[in-house]
Amino acid sequence: MPRGRPHYFANAGDGNAELEVSFTPAQQHLRFFANFVTLTVKQPKWFSSAGDPNLLLIALVLHAYRNHMYLAGVPIWLQKLLFAVLAPMARLAGYRLAIEPLREAPARSGLAV
């Protein structure tokens, strides 16, 4: 999937589906998903009985990882605005990331990126 192209995953069949996904570079994606995996164990009350994260947790994580990942079907400009407002509220309510995003190093001039 080219960078920046909206997409989503869904099981088109009735049985179990297996999906293998590769991200290059993988570090931010790994950290993004590791947040949810870690928090389901450490803070289960932040998730529904079906395992879905609370809206404030979604806002906090997606705001921290902004410009990296967004929800499908919701305009990105609206997500940026909504999550910028909700992320501080999430912190005030006690929500915290388990794993901070990597800070991207500034691109060096003269090198292809």
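Residues numbered from 1 in each chain as written. Predicted model: local features only at pLDDT ≥ 70, side-chain atom pairs only at ≥ 80, totals over all residues. Heavy atoms only, no water.

J.: Could you give me a rundown of the nonpolar core, with the residues and numbers involved?
T.: Counting 19 residues, the largest nonpolar core has Phe32, Leu57 and Val61 as the members making the most contacts within it. Residue assignment for this core shows that the elements contributing at least two residues are helix H1 (27-42), helix H2 (55-64) and helix H3 (76-92). Counting residues per element, this core draws most heavily on H2, at six residues. Sequence-distant contacts of Phe32, that is, excluding residues within four places in its chain, are made with Val61, Leu62, Tyr65 and Met69. (Core = buried A, V, L, I, M, F, W, Y, C linked by side-chain atoms within 4.5 Å. Buried < 20%, exposed > 50% of the residue type's maximum accessible area, 1.4 Å probe, protein only. Helix = DSSP H or I, 4+ residues; strand = E, 2+ residues; numbered from the N terminus. Contact = heavy atoms within 4.5 Å.)

J.: So what's going on with the environment of Leu62? Residues and values would help.
T.: Residue placement: Leu62 occurs in helix H2. Given a relative accessible area of 5%, Leu62 falls into the buried group. Between the alpha carbons of Leu62 and Phe83 there is a distance of 7.1 Å; along the sequence they are 21 residues apart. Apart from the residues lying within four places of it in its own chain, the contact partners of Leu62 are Phe32, Met69, Leu71 and Phe83.

J.: Go over the packing of H1 against H2 with me, naming the residues and quoting the values.
T.: Between H1 and H2, whose axes approach to 10 Å, the crossing angle comes to 150°. Considering their axes alone, H1 and H2 lie roughly antiparallel with respect to each other. Considering only the axes of H1 and H2, their crossing is right-handed. From H1, Phe32, Phe36 and Leu39 reach across to H2, where they touch Leu57, Val61 and Leu62. Considered class by class, the residues forming the contact of H1 with H2 number six nonpolar, no polar and no charged. (Axes fitted to C-alpha atoms, helices over the stretch in contact; angles between N-to-C directions. Parallel < 35°, antiparallel > 145°, perpendicular 65-115°, else oblique. Left-handed = near helix turned anticlockwise from the far one by under 90°. Nonpolar A, V, L, I, M, F, W, Y, C, P; charged D, E, K, R; others polar.)

J.: Before we move on, can you summarise the confidence of the model for the chain with the specific residues and values?
T.: On average, residues of the chain score 84 in pLDDT, and 87% of them reach the 70 mark or higher. At the low end of the mean pLDDT range in the chain sits H1, at 90; at the high end sits H3, at 96. This model gives residues 109-113 a pLDDT under 50, and the stretch forms one contact once residues within four places in sequence are excluded. (pLDDT = per-residue confidence, 0-100.)

J.: Any details on the packing of aromatic side chains? Residues and values, ideally.
T.: In the structure shown here, the tally under the stated rule is four aromatic pairs. Residues Phe32 and Phe36 carry aromatic rings whose centres are separated by 5.5 Å and whose planes lie at 75° to one another, so their mutual orientation is edge-to-face. Here Phe32 pairs with Phe36, and both are found in helix H1, just four residues apart, close to one helical turn. Phe36 carries the same exposure label as Phe32, and that label is buried. Measuring from centroid to centroid gives 5.5 Å for Phe32 and Tyr65, while their planes differ by 85°, and the two rings are edge-to-face. Here Phe32, found in helix H1, pairs with Tyr65, found in the loop between H2 and H3; they are 33 residues apart in sequence, far enough to count as distant. The exposure classification of Phe32 matches that of Tyr65, with both residues buried. (Phe/Tyr/Trp six-rings, centres within 6.5 Å; stacked < 30°, edge-to-face > 60°.)

J.: Got a sec to walk through unusual backbone geometry? Specific residues and values, please.
T.: Peptide bonds are mostly trans, and most non-glycine residues show a negative phi. At Asn67, a residue that is not glycine, the phi angle is positive and equals roughly 65°. Residue placement: Asn67 occurs in the loop between H2 and H3. By relative accessible area, Asn67 is classed as exposed at 52%.

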